[in-house]
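A look at the structure
Given next are the chains, with one letter for each unit.
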Amino acid sequence: MTDQSKYLEDSRLIETHYGEEYENYYNAIVPPVFLNSLNVFPSIDAYFDSDKNDKHVYVYGRVQNPTVRILEDKIAALEHGTKAFVYSSGMAAATTAVMSVCHAGAHIVCVRNVYGPLNTFLTQYCKEYFQMNVTFVKGDLIEEFEDAVTDNTDLIVLESPSSIVMSLQDISKVVQIARKHNAKTYIDNTYCTPIFQNPLDLGVDIVMHTMSKYIGGHSDIIGGVLIANDEDLLKKLMLHRELYGGILGPMEAWLAIRGLRTIEVRLRQHEKNAMAVAAFLDKHPRVKTVNYPGLPSFPQYDLMKKQQKGNCGLMSFEIDSTMEQTKKFCQALSIFKIGVSWGGFESLVEMPYARMTDQEASWLGASANIIRIHCGLEGDDLLIADLEKAFSIL
């Protein structure tokens, strides 16, 4: 077996080479896509002994797959975790994490700006079928978590930065509170990726990524991943994936491996473009607020510097205009396409709160006409010119 330890010292080597045992695949520089649904054995005893925890023994595609394993090994190494498990979507990963940690009747503390469908899962599905209760916190003050956590709290859900108003939580301090109450911590780390933030190093129990974003990078896959260090927790995550049947397909895993090879160079270019765009917006007379953690004017800039190594291409801002004018502004953009999601090569714009009441939007920390943009790889000069054109119609 190839010695993989030499690759662990540098994230760039993990992205490009770690987990790829060339001698097992005819020395192909790109590992194959194993599209098989099952594996065969030389004897009955070999089949029944296949659960001896040898990562090179595979039985059935719902449980494990060689292409999937390579991807999991890479992401686990990038996140400084013991193991990673990939899922058919980010929601499959997120819901598996909740169900692996929480018992019926459990209490959950969750940041307000958590991903919308996860909010729905917690407040509707978990409440209706498992009598779980959720306490939402804004998350910028550590006292909120101290007041919200009880001895019945099983899980604290974080998303730092969040994907609409880019709010941060002090991760290490929240972890300390959780441990006092024997609660687990979960964080959506999709915004930063393992390149710019490693929550496991800060004590978080479960890290999640939506792989349709920067891990995939090309807007052509749906997937999710969970990473952890605790062996008992990892066994639960693995068992629940097997029972729920939410494993990522081998073709999607292969595409995610391809995405990981360029994640660092892409992410730094996204950050470069976004910093230029954020600085432009921050100085524009029609802009009221820019939410981008990389800006020195961002209220939580010092916390960002403490726990992040960089920022991605996602930001939001509010302009001095009516709802209809804001819609016209977005529709006047040509490089920024109107679309949900983010993290691919393309630049995107949307108004996530446009159908909310002012009260609902305010509870989430913004006005109803907040604009979210993702700065793609087209070039900061082109993106700024596109925004200037849209401003000219106001």
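Just so it is clear, the model here is predicted, and its values are computed rather than measured. (Residues numbered from 1 in each chain as written. Predicted model: local features only at pLDDT ≥ 70, side-chain atom pairs only at ≥ 80, totals over all residues. Heavy atoms only, no water.)

Further remarks concern the overall build of the chain. Across its full length, the chain carries 15 helices and 12 strands. For the chain, whose C-alpha radius of gyration is 22 Å, the value lies close to the compact-globule estimate of 21 Å for 394 residues. Here the chain, with 394 residues, has 55% of them falling under the buried criterion. Contacts in the chain between residues far apart in sequence, at least 24 positions, make up 72% of those at least 6 positions apart. Accessible surface, the chain as shown: approximately 17,300 Å² in total, 53% of it carbon and sulfur. Of note, the chain has its 36 positive side-chain charges centred 3 Å away from the centre of its 49 negative side-chain charges. (Helix = DSSP H or I, 4+ residues; strand = E, 2+ residues; numbered from the N terminus. Rg over C-alpha atoms; globule rule 2.2 N^0.38 Å. Buried < 20%, exposed > 50% of the residue type's maximum accessible area, 1.4 Å probe, protein only. Contact = heavy atoms within 4.5 Å. Areas by Shrake-Rupley, 256 points an atom, 1.4 Å probe, with all protein chains shown as cover. Lys, Arg positive; Asp, Glu negative; His and termini not counted. Charge placed at Lys NZ, Arg CZ, Asp CG, Glu CD.)

Attention now goes to the domain arrangement of the chain. Split into domains, the chain comes out as domain 1 (2-257) and domain 2 (262-390). The straight-line distance from the C-alpha centre of domain 1 to that of domain 2 is 27 Å. With 38 residues of domain 1 in contact, the opposing surface of domain 2 contributes 40 residues. Counting across the domain 1 and domain 2 interface gives 1 salt bridge. Between Lys 306 and Asp 170 there is a salt bridge, and its shortest N-O distance comes to 3.1 Å. Where domain 1 meets domain 2, there are 18 residue pairs in polar contact (both at pLDDT 80 or more). (Domains from an automatic or database assignment. Salt bridge = Lys/Arg side-chain N within 4 Å of Asp/Glu carboxyl O. Polar contact = N/O pair within 3.5 Å; in protein donor to acceptor, adjacent residues only side chain to side chain.)

It is worth spelling out the sheet that holds strand β1 (residues 83-87) at this point. Backbone hydrogen bonds hold the strands of a sheet together, and the pairing may be parallel or antiparallel. Spatially, 7 strands are ordered β1-β7-β6-β5-β4-β2-β3 in an open sheet, and the strand pairing comes out mixed. Edge positions in the sheet fall to β1 and β3 (133-137), since each of these pairs with one other strand and no more. Adjacent strand axes in the sheet meet at a mean angle of 20° when their direction is disregarded. Pairing analysis gives 3 bridges linking strand β5 (residues 184-188) to strand β6 (residues 206-210), with the strands arranged parallel. (Pairing = 2+ DSSP bridges. Axes fitted to C-alpha atoms, helices over the stretch in contact; angles between N-to-C directions.)

Here helix α5 (residues 116-130) spans 20 Å end to end across 15 residues, near enough to the 21 Å set by a 1.5 Å rise per residue. A bend of about 25° at Leu 122 is the largest found in α5. Residues of α5 that are buried include every one of Leu 118, Asn 119, Phe 121, Leu 122 and Cys 126, and no others. Those residues of α5 that are buried lie in contact with α4 (90-101), β2 (107-111), β3, β4 (153-159) and β5. With its phi angle positive at about 55°, Gln 131 sits one or two positions after the end of α5. (Expected span 1.5 Å × (residues − 1). Bend = angle between axes of the 7 residues up to and from the residue.)

What follows deals with the packing of aromatic side chains. Here the structure, examined in full by the defined rule, presents 12 aromatic pairs. Pairing Phe 41 with Tyr 47 gives two aromatic rings, centres 5.7 Å apart and planes at 70°, and the pair type is edge-to-face. For Phe 41, a relative accessible area of 26% gives the class partly exposed. In textbook terms, an aromatic cluster arises when at least three aromatic residues are bridged by ring pairs, as seen for Phe 121, Tyr 125, Tyr 129 and Phe 130. One Lys or Arg, Lys 213, reaches over the ring of Trp 342 and ends 5.6 Å from the middle of that ring. Note that Arg 241 overlies the ring of Tyr 87, its terminal NZ or CZ placed 5.8 Å from the centroid. (Phe/Tyr/Trp six-rings, centres within 6.5 Å; stacked < 30°, edge-to-face > 60°. Lys NZ or Arg CZ within 6 Å of the ring centre and 35° of its normal.)

Quick look at a nonpolar patch on the surface now. On the surface, Leu 38, Val 40 and Tyr 60 cluster together to form a nonpolar patch covering roughly 330 Å² of accessible area. Residue placement: Leu 38 occurs in the loop between α1 (11-16) and α2 (44-48). (Patch = residues over 30% accessible without salt bridge, like charges linked within 9 Å, V, L, I, M, F, W, Y side chains within 5 Å.)

If you walk through the whole model with that rule in mind, you get 0 disulfides. No disulfide involves Cys 110; its sulfur sits 11 Å from that of Cys 102, the nearest cysteine. Not part of a disulfide, Cys 192 finds its nearest cysteine sulfur in Cys 312, a span of 7.0 Å. (Disulfide = S-S within 2.5 Å.)

Turning our eyes to something else, we now look at the UniProt feature "modified residue: N6-(pyridoxal phosphate)lysine" (unreviewed entry) in the chain. Sequence positions flagged by UniProt for "modified residue: N6-(pyridoxal phosphate)lysine" (unreviewed entry) are, in local numbering, Lys 213. For Lys 213, the position within the fold is in the loop between β6 and β7 (224-228). Overall, the relative accessible area of 11% leaves Lys 213 in the buried class. Beyond its immediate stretch of four places on either side in the chain, Lys 213 contacts Thr 190, Ser 341, Trp 342 and Gly 343. Polar contacts involving the side chain of Lys 213 include one to the side chain of Ser 212, which spans 3.2 Å. (UniProt positions renumbered as here; feature names shortened; annotations may be inferred.)

To continue, consider the pattern of salt bridges. Using the criterion set out here, one finds 15 salt bridges in the structure. One salt bridge in this structure joins Arg 69 and Glu 21, with 3.8 Å as the shortest N-O distance. Of this pair, Arg 69 sits in helix α3 (residues 66-78) while Glu 21 sits in the loop between α1 and α2; the two residues are 48 residues apart in sequence, bridging distant segments of the chain. For Glu 21, a relative accessible area of 1% gives the class buried.

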